[in-house]
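Residues per chain, in single letters:
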Amino acid sequence: MQTVHLRDFSPAYESSDLCAAFRRWFEQKRSDDVTLALDGGEWNLFPETALEVQAFPSNNDSGRVKVALLLLGLRNVIVDGGGARLIVRGSPLAGRGRTGITDAPILPIIVENSEAVTLRGFSLDWKTPGTVQGVCTAVDAVSFDVRLELEPDVRCFGDQLYVVGEGWTWPVRRLLGVDAETGATLPETGDNFGLGYDVNWRYEGVEKDRVYRIRGPRPVKLRAGDRVLFWCSNHDTGARRSPGIFICDSRRIAIEDVALHYTWGMGVIAQTSEDLQLRRIAVEPSEGRKFSLACDATHFVSCRGRVTVEDCRFQNQFDDALNVHGLYTKVVRTLDERTLRVRTMHPQHQGVGGIRAGDRLQFQSCPHLVPCGEAIVRSSTAWNSETTDLVFDDPLPSLRPGDVVENLSAYPDLTVRGCTIRWNRARGVLLNGRGKIVIENNTFETAGAAVLVESSPVWGESGPLDDLTISGNTFRRCAHSPMWGRAVIDAVPEFRIGAPAGLPPFHRRLTLRGNRFEQCSAPELIAESFAEIVRD
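Just so you know, these numbers come straight off a predicted model, no measurement behind them. (Residues numbered from 1 in each chain as written. Predicted model: local features only at pLDDT ≥ 70, side-chain atom pairs only at ≥ 80, totals over all residues. Heavy atoms only, no water.)

**Student:** Tell me what's going on with the packing of aromatic side chains, and back it up with residues and numbers.
**Tutor:** Taken as a whole and assessed by the stated rule, the structure comprises 15 aromatic pairs. With centroids separated by 5.4 Å and ring planes inclined at 80°, the aromatic side chains of F144 and F193 adopt a geometry described as edge-to-face. Highlighted residues: F144 in strand 11 (residues 143-148) and F193 in the loop between strand 14 (168-178) and strand 15 (202-207), separated in sequence by 49 residues. Ring centres 5.5 Å apart and planes at 75° place the aromatic pair F363 and F392 in the edge-to-face group. Taken together, the residues F363 in strand 28 (residues 360-365) and F392 in strand 30 (residues 387-392) connect sequence positions 29 residues apart. An aromatic cluster is built from W126, Y262, W264 and F291, whose rings are joined through pairwise contacts. (Phe/Tyr/Trp six-rings, centres within 6.5 Å; stacked < 30°, edge-to-face > 60°. Helix = DSSP H or I, 4+ residues; strand = E, 2+ residues; numbered from the N terminus.)

As structure tokens, then:
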């Protein structure tokens, strides 16, 4: 295996431009069986000469993206950072106050249609994040004052607050009250201090040294000295335009000894891939900040084989540490006795795909997701990013438009071991899938449920559990925010609430052994619709 030093490909005008250096190698010397050495130091990811592609990362926003490292169709490749610091520059979200996302932001690393790729030994951050933090200096019945900290430029237009970055301006949509030391969500609060996802805050600058007075519809649970995070996001899912690492249609991928300090989307999103390993990943704030990523730390969609997450630390991100699931597709119409037209169920699942010839699919009737038949796929034809025609070996059961289809073949075995998950907004791990899932020897300290089991026809996230084991974990001060779960381990399929009596259980087996629950005010476990629950 040869070693390539990417600084040898840097342009003379900017030796630290990773986008330009990689593009020169990719277009001139691209090959398999290679170690791409970053050799430490600081690299800037400037958008001006980056490669540009169309990307469909699941549960993020799709569109054109600029890419620093595009590992496309490669085999046996190591990206060795050697302790390098990767800093995204320029515009992740362009425009002045525009809330539509129409530009091509930086997506730092894409691994697509590749095999045996290892990413290791670097950190990733944004020069200007889409979050600002401050310290509450005063609270009364109608308003509270916050003194802003750190580097971002913040301005008031009218009575609304905007963050100004390198070529972009973005409105603040949500506020989060957090502990001054750890950055953990304040107890018994949540988004907008527990008032809900969408709150009309009004801002007024009251002093020259970055103090803003904030008024809302009701008093908030906040004290002088608490910190407040100002989050630039969209109304429903946040701003998910720029994940850090996107893995698609690949196999045998490893990420080791990587630190993710901030991304405008998920930290690692892997879809329609197999045999993935994440070891010693650190999702944590950069120096001085009390926040890390804009949403989930890791997310695995319609993956196969084995997914292993070991000895990682996920803290202070704005959403869950890990989410694993398949995808439901919705029945549009039956074309003939063996052909079915389906479409994606959520806008952020467009272009994901993942159904292959030979896959076994199950059909489920809505609204209670009751199985009504299975069939093997003979062929599939995607008409566009949403709609696909499926041809099966055998005749189809009776289906109605709106019923759903689940791919039984697109689930991995998952192990999450020796990880620390703490101080983040929302939940810990979200688990769905028919593979063997083991959650063992981890430490959780989460505002919402530490473990959430919930296939979601709203999000189109599939996966009844066949075999989930939760053992040897420590759950500390979990589930104190009712916005994000009713129990430390919350496993209730909401679409079965109020269902007719006599339906078969949605899940199969849940095993709980040797777990410790410390200072958790919520119930340890709420679980329904399981065929078997085993507890010590």
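Moving on, there is more to tell.
**Student:** Could you give an account of the environment of D467, with specific residues and numbers?
**Tutor:** Note on placement: D467 falls in strand 39 (residues 467-471). Each C-alpha atom of the pair D467 and R509 lies 5.0 Å from the other, and the pair is 42 residues apart in sequence. If sequence neighbours within four positions are ignored, D467 has contacts with G435, K436, I437, R508 and R509. A polar side-chain atom of D467 sits 3.3 Å from a polar atom in the side chain of K436. (Contact = heavy atoms within 4.5 Å. Polar contact = N/O pair within 3.5 Å; in protein donor to acceptor, adjacent residues only side chain to side chain.)

**Student:** An account of the nonpolar core is requested, with residue identities and associated values reported.
**Tutor:** Core analysis: the largest hydrophobic core is formed by 133 residues, its most contacted members being F230 and L431. For L431, the residues in contact, after removing those within four places along its chain, are L322, V324, L414, I437, I439, V451, L452, V453, E454, L465 and L468. L361, F363, L396 and V405 belong to the second-largest nonpolar core, a separate cluster that totals twelve residues. (Core = buried A, V, L, I, M, F, W, Y, C linked by side-chain atoms within 4.5 Å. Buried < 20%, exposed > 50% of the residue type's maximum accessible area, 1.4 Å probe, protein only.)

**Student:** Tell me about the confidence of the model for the protein chain, residues and numbers included.
**Tutor:** Mean pLDDT for the protein chain: 93, with 96% of residues reaching 70 or above. Contacts for the low-pLDDT stretch residues 92-102, under 50 throughout, to residues beyond four places or in other chains number 36 contacts. (pLDDT = per-residue confidence, 0-100.)

**Student:** Give a detailed account of the pattern of salt bridges, specifying residues and quantitative values.
**Tutor:** Applying the stated rule across the entire model yields 42 salt bridges. R251 is the partner of E115 in a salt bridge, and the nearest nitrogen-oxygen pair spans 2.5 Å. Remark: R251 occurs in strand 19 (residues 251-260) and E115 occurs in strand 9 (residues 115-126); sequence separation between them is 136 residues. A salt bridge links E284 to R313; the nearest nitrogen and oxygen atoms lie 2.7 Å apart. (Salt bridge = Lys/Arg side-chain N within 4 Å of Asp/Glu carboxyl O.)

**Student:** Give a detailed account of unusual backbone geometry, specifying residues and quantitative values.
**Tutor:** In this structure, the amide linkage connecting C366 to the following residue, P367, adopts the cis form with an omega of 10°. Inspection of the secondary structure assignment puts P367 in the loop between strand 28 and strand 29 (370-382). Phi at N76 is positive, roughly 55°, even though this residue is not glycine. Phi angles above zero are rare outside glycine, and A116 is one such case at about 60°. Along the polypeptide, A116 turns up in strand 9. For A116, a relative accessible area of 16% gives the class buried.

**Student:** If you had to explain the environment of D39 to someone new, which residues and values would you point to?
**Tutor:** Looking at the secondary structure, you find D39 in the loop between strand 2 (34-37) and strand 3 (42-45). On the basis of relative accessible area, D39 is assigned to the partly exposed category, the value being 43%. Separated by 43 residues in sequence, D39 and G82 have C-alpha atoms that sit 5.0 Å apart. If we skip the residues at most four places from it in the chain, D39 touches H5, D80 and G81. Of the polar contacts made by the side chain of D39, one reaches the side chain of H5; its length is 2.8 Å.

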